[in-house]
Every structure is written in structure tokens, then in C-alpha cells.
Amino acid sequence: MKNGVMMQYFEWNLPDNGELWKQLKEDARHLHDIGVTAVWIPPAYKGCGSEDVGYGTYDLYDLGEFDQKGTVRTKYGTKEEMREMIDALHECGISVYLDAVMNHKAGADRVETCMARLVDPDDRDQPLCEPYEIDCWTGFDFPGRGEQYSGFKWHWFHFSGTDYNERDKKTGIYQIVSYGKAWSVGVDCENGNYDYLMFSDIDLDHPDVIAELNRWGVWVTKEMKLDGMRLDAVKHMNDRFVKRFLEAVRAECGKDFYAVGEYWIDDIDTLEGYLANVGYGIDLFDVCLHYNMCKASKEGADYDLRTLLDGTLVSRHPELAVTFVDNHDSQPGSSLESCIDDWFKPSAYALILLMENGYPCVFYGDYYGMSGNASPHREVIDALLSVRRRCAHGMQTDYFDYPCTIGITRQGVEDKPGSGLALLISNGEDGEKLMNVGVQHAGEVWREVTGNRTEEVTIDADGNGMFLVSGGKVAVWTP
């Protein structure tokens, strides 16, 4: 992962045209050339229809191969197109991470009868009634696929909860009641117990379920030559299951199989506790840093930039932090909307791409655009990716010493001529900062690469330079 860059290659509002896999295949060489080393692709299996982004998961084994839910292809294309896309990325030295949705299932084939009770949505441990008989959509037979790849059929006892009673047409959170069945432990404690998220909640304590999902993880990794996974909604999943799932996949597919989890919470202590529970066997998205940057973008000059990295995963566990600016869940109109204001995005991307720590993830929407509208940030992200490849090497020194202007330097390394950089971020007025880039750069002339400053800075005999930044902007200086 040294100087690696992940790209999330989708956004929430992509068209339902089945073209993404072909687009990504054609884009592979370009991604390699700009320095992307891994691509996080969306859920690639059959959902409730071709328009499903992939999180309404119906059949994990149908990667766009079978006529199910009114379509053969998924929103993104066919299985064969997916395989060609992955091969093209691998030829360009780019790893592929699949978005794995194992918390719930949707679009069942038939209704089953079971005992359940309504629970309080704000406290799922608090029943609202005694158990009674309901008709729930929990029968998954996969008639379009049959027995191919897996003969496992899903029934009510493979789930812990559901959201609809077909008998009386009522919605709610129904906890399925059966001997030995309960909400999972090892999940977030929000709402009492946050095992249940949506649709029919998979019972990750059921031994047959555990065996089937482990089997699927190995199958899809080998079948599609995956390099890793992004695990969706891990705060709602039994942490023991996640740990053992990754152990099972790595035992069959190699210990270097990569995994990053989405635990969406702005609390570093919770993230640290989760990492300990899963044996530090997974990276996590640095949601805390995202919210710090979001707050900085909203508050402008009133935000103290010296606190930008406080309480973040990248500051506590840099080797396990995937840093990001925005993603499909934080973009406008999404369920967790918390998008960073446009004026601050160049600064946010400069920070995650140029600092030494963290595994940065570039969002498709910030690079290519959202809902068919081009992004205003592509040019600056290209410039920053170029600086990352050429210059973001060597020891880092932080200059988080002024509330409205912060900076970092990287001294570069001998075997990469021209490496080294100075980064300044301002959220107020024009600023300047005397920063050291190492005596090996003495006498060099440095220039600003984003176009925000036109001056030149000459490094003195001690390796110091007086670097400048325009108000409310980012400045990146390189040899």
C-alpha cells in the first residue's frame, strides 16, 4: 500500500444502463497513469432489479449471469463484462476490491410464516408486544439460478429480523422469535442494539449461514480473481463473524487478501474497540477525519485547523486508516449526507493524498461528477495525484501551529529525484509559513503546482523556505 491510492468507482446516481464495467475496462490505463493502484467497485450481484445500486442484495452468486428479478445484467453489466474489466485492471497493475453486502437480503421469492414481535425502533431490546405469527418475505429459492454455484436456500430461521408483515401489510422492525435466536452481540450499541439495519436481517450467529457466507467469500474471490473487499455496514454485523469470515477467505485465497470495513460513526474510541475485537485484521474508513473536514468546510475561518487530525483513525492507527473526503453515503441526497463544501475539497484531498499516513480513497463523484454533472475538482485531483507519485516521499514534519493556516512538509528521498513537498492549507486570510524541507534541497527553486500562487521560493542553506498560501485555498510547493 506504500503510496497506493484507492478509487471508489461509483456514485449513488449512476444511470441504469449496464455500462459501468465496460467504462471501467476502458478507463484502466488512464487510472494507472494517474496513480490509482486499487479500485473499489460497487456491489456486483443481483439486487431487487437492474436499477438497484446493489445494497438491496438478492443473490450473491448472480453476478449478472441469470435471468432473475426481471434482468440478466446488474445495474453495471454482465458477469462476463465484469470479468473482462477485472482482467484489464490487473493488466494495468490495479487491484480490485468488491463491495460485499452480507448484513441483509431483499427481494425474497416467497412468503414464510414465523413468530415475531415488534420492537421499539429507538431501543431494539425493548419489545412492543408479545410474539405473534407473521407472514414475512424470507424465502429465497433463486429459481433463475437453481443449484448452480450453491444449493443453499434461505428461510426465516436464517434471519433475525424483518421489516414487513405481509399478513396485515404493516411495516416495522420485527424481531424473529425462535429457540436460541436473539439480536447479535458484537454490534454497535446505537438504538440499544444495532444488529437490524434494513430488509431481512441475516442471522450471523446461525452456523449454516456462517458456513454459506464463508463459502461465498472464497467462491467469489477465486471466481473473479478479487484482491480484496470493502465490507458494508460492519457496525450492524457480529464482529466475530467478520473476523472469522476474513480468516476463512484468507486461508483459501492468501493472507494478503485486503479488507476495509465501513463502520460509520464519528467516535474514535468505538472504532478502536472494533479493531481490537476483530484482531486488527481489517482497515476502517476514517469517518472521524471525514467529519472533521466536513465541519471545517462548514465553519470556515471559525474552525481551528490545528484540530483537523484530532480524534481521527489516521492519527491513532495510521496503518489501518483509509482516508476519504466524501463517498456515496455522504454525497448530496444520501442517507448519511455530510458532504464537504466545494471550497474546501481541494484542501481535503491535498491532505489525504500528500500526508505520509493513511490509505487515501478518491471518490468517483469528486473526480468524474455526480448525476451526469461534471466535477469541478478533477483538475486539482489530477495535480495532487501527480504530486503524490513524484514528490510525496520521505519524512513528514507537521506545522499545525496556527488556527487558520496549517502545513506539512515531506523531505523526499534520494532514489526519487525531485521528490519532496510543502503543503499549506488556509481557511482565512492569505498566509505564509517558514517550513523546513531538508538541507538536501538547499538552493533549489520551488514552485506552487495548483495554480494558486505564481511566486518562486528558494530554499536556504538550512533547508528552510517561506511558503505562501492564498486565503481559503490550498498551496502545494514542489522542487
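Residues numbered from 1 in each chain as written. Predicted model: local features only at pLDDT ≥ 70, side-chain atom pairs only at ≥ 80, totals over all residues. Heavy atoms only, no water.

### Some thoughts on the nonpolar core
- L31, M82, W216 and L231 are the most contacted members of the largest nonpolar core, which totals 133 residues.
- Once residues lying within four places of it in the same chain are set aside, the contact partners of W216 are Y45, L60, Y61, L98, A100, M102, M229 and F245.
- Core analysis: the second largest hydrophobic core is formed by 13 residues, Y399, I459, L468 and V469 among them. (Core = buried A, V, L, I, M, F, W, Y, C linked by side-chain atoms within 4.5 Å. Buried < 20%, exposed > 50% of the residue type's maximum accessible area, 1.4 Å probe, protein only. Contact = heavy atoms within 4.5 Å.)

### A word on unusual backbone geometry
- Despite not being glycine, K225 has its phi angle at roughly 55°, a positive value.
- Locating K225 in the fold gives a position in the loop between α3 (207–224) and β11 (228–231).
- Of note in the backbone geometry, A233 takes a positive phi value of approximately 55° without being a glycine.
- Here A233 lies in the loop between β11 and α4 (239–253). (Helix = DSSP H or I, 4+ residues; strand = E, 2+ residues; numbered from the N terminus.)

### Regarding the sheet that holds strand β17 (residues 405–410)
- Taking strand neighbours across the sheet as the criterion, the six strands line up as β16-β17-β18-β23-β20-β21 in an open arrangement whose pairing is antiparallel. A single partner strand is all that each edge strand has here, and the edge strands are β16 (396–399) and β21 (456–458). Taking the axes of each pair of neighbouring strands and ignoring which way they run, one obtains an average angle of 20° across the sheet.
- Bridge analysis of strand β20 (residues 445–448) against strand β23 (residues 474–478) gives two bridges, and the strand direction is antiparallel. Directly across from R447, in β23, lies its bridge partner T478.
- This element, helix α8 (residues 345–354), spans β17, β18 (421–426) and β23 of the sheet and lies at about 145° to β18.
- Each of β18 and β23 is contacted by helix α10 (residues 378–391), which is oriented at about 35° to β23, the strand it contacts most. (Pairing = 2+ DSSP bridges. Axes fitted to C-alpha atoms, helices over the stretch in contact; angles between N-to-C directions.)

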